[in-house]
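In case you want the letters, here they are:
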Amino acid sequence: MVAYKSKAVERIRLPGRDERERALEEAGYNVFALAADDVYIDLLTDSGTGAMSDEQWAALHRGDESYAGSPSFERLESAVADVMGFPYVIPAHQGRGAENVLYGSILSEGDVVPNNTHFDTTRAHVANQGAEAVDCPIEGAHDLSAAESFKGNFSVERAREAVSEVGAENVPLVISTITNNSTAGQPVSIENTRRVRAFADEIDATFVIDACRFAENAFFVREREDEYAEMSVADIAREQLEYADAVVMSGKKDGLANTGGFVATRDEALFERCKSRAILYEGFPTYGGMAGRDIEAMAVGLREAVTDAYIEDRIEQVRTLGSMLEEADIPTYTPVGGHAVYLDAGSFYPHLDSSEFPGQVLVCELYREGGVRGVELGSFAFPDSDRPELVRLAIPRRTYHQEHFEHVLETVKRAYENRDTVDGLRLATEPEIPELRHFTAELEPVSR
Ligand SMILES: *Cc1c(COP(=O)(O)O)cnc(C)c1O
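Computed from a predicted structure; not experimentally measured.

Conventions adopted
- Residues numbered from 1 in each chain as written.
- Predicted model: local features only at pLDDT ≥ 70, side-chain atom pairs only at ≥ 80, totals over all residues.
- Heavy atoms only, no water.
- Near = heavy atom within 4 Å.
- Polar contact = N/O pair within 3.5 Å; in protein donor to acceptor, adjacent residues only side chain to side chain.
- Areas by Shrake-Rupley, 256 points an atom, 1.4 Å probe, with all protein chains shown as cover.
- Helix = DSSP H or I, 4+ residues; strand = E, 2+ residues; numbered from the N terminus.
- Buried < 20%, exposed > 50% of the residue type's maximum accessible area, 1.4 Å probe, protein only.
- Core = buried A, V, L, I, M, F, W, Y, C linked by side-chain atoms within 4.5 Å.
- Domains from an automatic or database assignment.
- Contact = heavy atoms within 4.5 Å.
- Patch = residues over 30% accessible without salt bridge, like charges linked within 9 Å, V, L, I, M, F, W, Y side chains within 5 Å.
- Salt bridge = Lys/Arg side-chain N within 4 Å of Asp/Glu carboxyl O.
- Pairing = 2+ DSSP bridges.
- Axes fitted to C-alpha atoms, helices over the stretch in contact; angles between N-to-C directions.
- Parallel < 35°, antiparallel > 145°, perpendicular 65-115°, else oblique.
- Left-handed = near helix turned anticlockwise from the far one by under 90°.
- Nonpolar A, V, L, I, M, F, W, Y, C, P; charged D, E, K, R; others polar.
- Buried area = accessible area lost by both parts, 1.4 Å probe.

## As for the site of the ligand
So, point 1. In the neighbourhood of the ligand, 15 residues make up the surrounding shell, with Arg96, Asp210, Arg213, Ser250 and Lys253 lying closest.
So, point 2. Separating an oxygen atom of the ligand from a side-chain N or O atom of glutamine 94 is a distance of 2.8 Å.
So, point 3. Within the complex, the protein chains bury 98% of what would otherwise be the 370 Å² of accessible surface of the ligand.
So, point 4. Counting residues per element, the ones that place at least two in the shell around the ligand are α4 (95-106) and α5 (120-128).
So, point 5. It is α4 that provides the largest number of residues to the shell around the ligand, a total of three residues.

Right, here's the structure in full:
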């Protein structure tokens, strides 16, 4: 079923092959350095890159820019209360601003934080407080083809091990990320969320849900968790968030906005602590680094995100691309998660060692063959880890259509056909912080 028609359009252009080859070389084989105008289909991220609805554009005009007490903030508060069930809200300029406000209010030096998998900004904010981020994925989370329903789940057993090493007094915070962005956008069940809640109670910790993709997660719960098969996505989302003391949210994901984020909580004392830190880093707590107009767009977007019409169309798009690739026998991570399809670059290029960045090679091939931009999430992005060599094709919300996906399919197929002929890459420049090198490092081809 088709859920939208277009009201505004943007021209896109596929540069010629020579142009693409030149652009790639000038970008140092790092697609973050490409000009967006030179990209034909941009699957770099689904963060803030989606199309807003006509209702959101209309809401922008209602934006009130008062420094304090803006009615736009009141409309956000009421959307967060209705959709997510939290009475206290602090806006932030985007998700990582919310992370700074919340985690900075809870953590101190030497603490340990279990999370199913820390998203990169989450890990960095935990580290920034002098605390240690411990990932607790379930067994099989990195198995590219295990047919499990909730590969994003939090392993309470692993978290318990971490607590037994450092003592519960050093674990003031437990996080569950839904969907699990760094594990291929895989969902987390409500049954698992309940167990994490009980675990947090057991060690007297604050339980935070990283809710950036809470609506996508609720869709999978309805599909895969029997108890919730008959419930609306909106009701499921609220039920899942009910177990948390607080959430961090990026409005650029399931807020369906181009910018923004917030912290929301039901804990009044925590709210008061967060407010002081918000003033320091984000702004007065009724705008928190956002323009009133953007707050309006995010408030409307939150309500849209849990409607069946939106969420069914959203997941169907991602799955359609996944199925097209699977049918063409392209190696991918399955089942497909909520916001992206992940290509298994390790299987494309068994002749390349991880030090030759097979994922980044594939990213370059996709641009070279079809002007498609994806992102590497393997040994280039995560130095010294034994993660699989994945390339993420993230689908911006409400932006592309079947014809775009057909072009992506043809492009990936060509890259797959040429897989035996490509060479690896090596670093030409090495930025100071290796964890962030995939954003800015330059590379060069290794010729054999
Ligand atoms: C995107 C994201 C964040 C950070 O949000 P930004 O708006 O990009 O700052 C945090 N956690 C998860 C799981 C995310 O996907």
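Back to the text.
## Considering the environment of valine 306
So, point 1. Mapped onto the elements of the fold, valine 306 is located in the loop between α11 (292-305) and α12 (308-327).
So, point 2. Valine 306 sits in the buried class, given a relative accessible area of 9%.
So, point 3. Put simply, valine 306 and methionine 249 are 57 residues apart on the chain and 15 Å apart in space, counted from C-alpha to C-alpha.

## Thoughts on the nonpolar core
So, point 1. If you look at the biggest cluster of nonpolar residues, it comprises 59 residues, and the most contacted ones within it are Val80, Met84, Val174, Phe214, Leu241, Phe262 and Leu302.
So, point 2. If you count residues domain by domain, this core takes at least three from each of domain 1 (17-39 + 308-445) and domain 2 (54-305).
So, point 3. Apart from residues no more than four positions distant in its own chain, leucine 302 is found in contact with Leu76, Ala79, Val80, Val83, Met84, Phe214, Met249, Asp254, Gly255 and Phe262.
So, point 4. Formed by 56 residues, the second largest nonpolar core is a distinct cluster that contains Ala23, Leu321, Ala340 and Tyr367.

## Structural notes on a nonpolar patch on the surface
So, point 1. On the surface, Tyr67, Ile279 and Phe284 cluster together into a nonpolar patch covering about 320 Å² of accessible area.
So, point 2. Secondary-structure assignment places tyrosine 67 in the loop between α2 (54-60) and α3 (71-84).
So, point 3. The class for tyrosine 67 is exposed, based on a relative accessible area of 56%.

## Remarks on unusual backbone geometry
The general pattern is negative phi for most residues beyond glycine and trans for most peptide bonds.
So, point 1. The omega torsion across isoleucine 178 and threonine 179 is -20°, close enough to zero to call that bond cis.
So, point 2. Residue placement: threonine 179 occurs in the loop between β5 (173-177) and α7 (190-202).
So, point 3. Along the chain, threonine 334 connects to proline 335 via a cis peptide bond; the corresponding omega equals -10°.
So, point 4. Relative to the assigned elements, proline 335 resides in the loop between α12 and β9 (340-344).

## Focus: the sheet that holds β9
So, point 1. Spatially, the three strands line up as an open sheet ordered β9-β12-β11, and their pairing is antiparallel. In this open sheet, the two edge strands, each paired with only one partner strand, are β9 and β11 (375-377). Taken over all neighbouring pairs, the strand axes of this sheet differ in orientation by 35° on average, direction set aside.
So, point 2. Of the pairings in the sheet, the one linking β11 to strand β12 (residues 390-394) comprises three bridges and is antiparallel in character. Its bridge partner lying in β12, valine 375 is registered against arginine 392.
So, point 3. Of the strands in this sheet, β9 and β12 touch α12, which is tilted by about 25° from β9.
So, point 4. Packing against the sheet, helix α14 (residues 358-370) makes contact with β9, β11 and β12, and its axis sits at approximately 40° to β12.

## Quick word on the packing of α7 against helix α9 (residues 233-242)
So, point 1. Running from amino to carboxyl end, α7 crosses α9 at an angle of 20°, the nearest separation of the two axes being 9 Å. Here α7 is positioned roughly parallel relative to α9, judged by the angle of their axes. Regarding α7 and α9, the two cross each other, and that crossing is left-handed. Here Ile190, Thr193 and Arg194 of α7 lie close against α9, whose contacting residues are Ile236, Glu239 and Gln240.
So, point 2. Within the contact of α7 with α9, the residues separate by chemical class into two nonpolar, two polar and two charged.

## Considering the pairing of strand β8 (residues 261-265)
Successive residues of a regular strand alternate their side chains across the two faces of the sheet.
So, point 1. Extensive coverage of β8 is indicated by the burial of five of its five residues.
So, point 2. Here five bridges tie strand β2 (residues 88-92) to β8, and the two strands are oriented antiparallel to one another. In the strand pairing of β8, isoleucine 90 is matched with valine 263.
So, point 3. Sheet analysis places strand β7 (residues 246-250) next to β8, joined by five bridges and oriented antiparallel. If you follow methionine 249 over to β8, its bridge partner there is phenylalanine 262.

## Quick word on the domain arrangement of the chain
So, point 1. Partitioning the chain into structural domains gives domain 1 (17-39 + 308-445) and domain 2 (54-305).
So, point 2. Placing a centre on the C-alpha atoms of domain 1 and another on those of domain 2 gives a separation of 27 Å.
So, point 3. On the domain 2 side, the residues contacting the 23 residues of domain 1 number 30 residues.
So, point 4. Summing the contributions of domain 1 and of domain 2, the shared interface buries around 2,300 Å²; its carbon and sulfur component is 51%.
So, point 5. Among the residues domain 1 hides against domain 2, the three largest losses belong to Ile311, Tyr333 and Arg397. Together they make up 26% of the total.
So, point 6. Here aspartate 254 ties to arginine 397 by a salt bridge, and the two come within 3.4 Å at their closest N and O atoms.
So, point 7. The interface formed by domain 1 and domain 2 holds 17 residue pairs in polar contact (both at pLDDT 80 or more) in total.
So, point 8. For the side of domain 1 that touches domain 2, the secondary-structure elements that each account for two or more residues are α12, β9 and β12.

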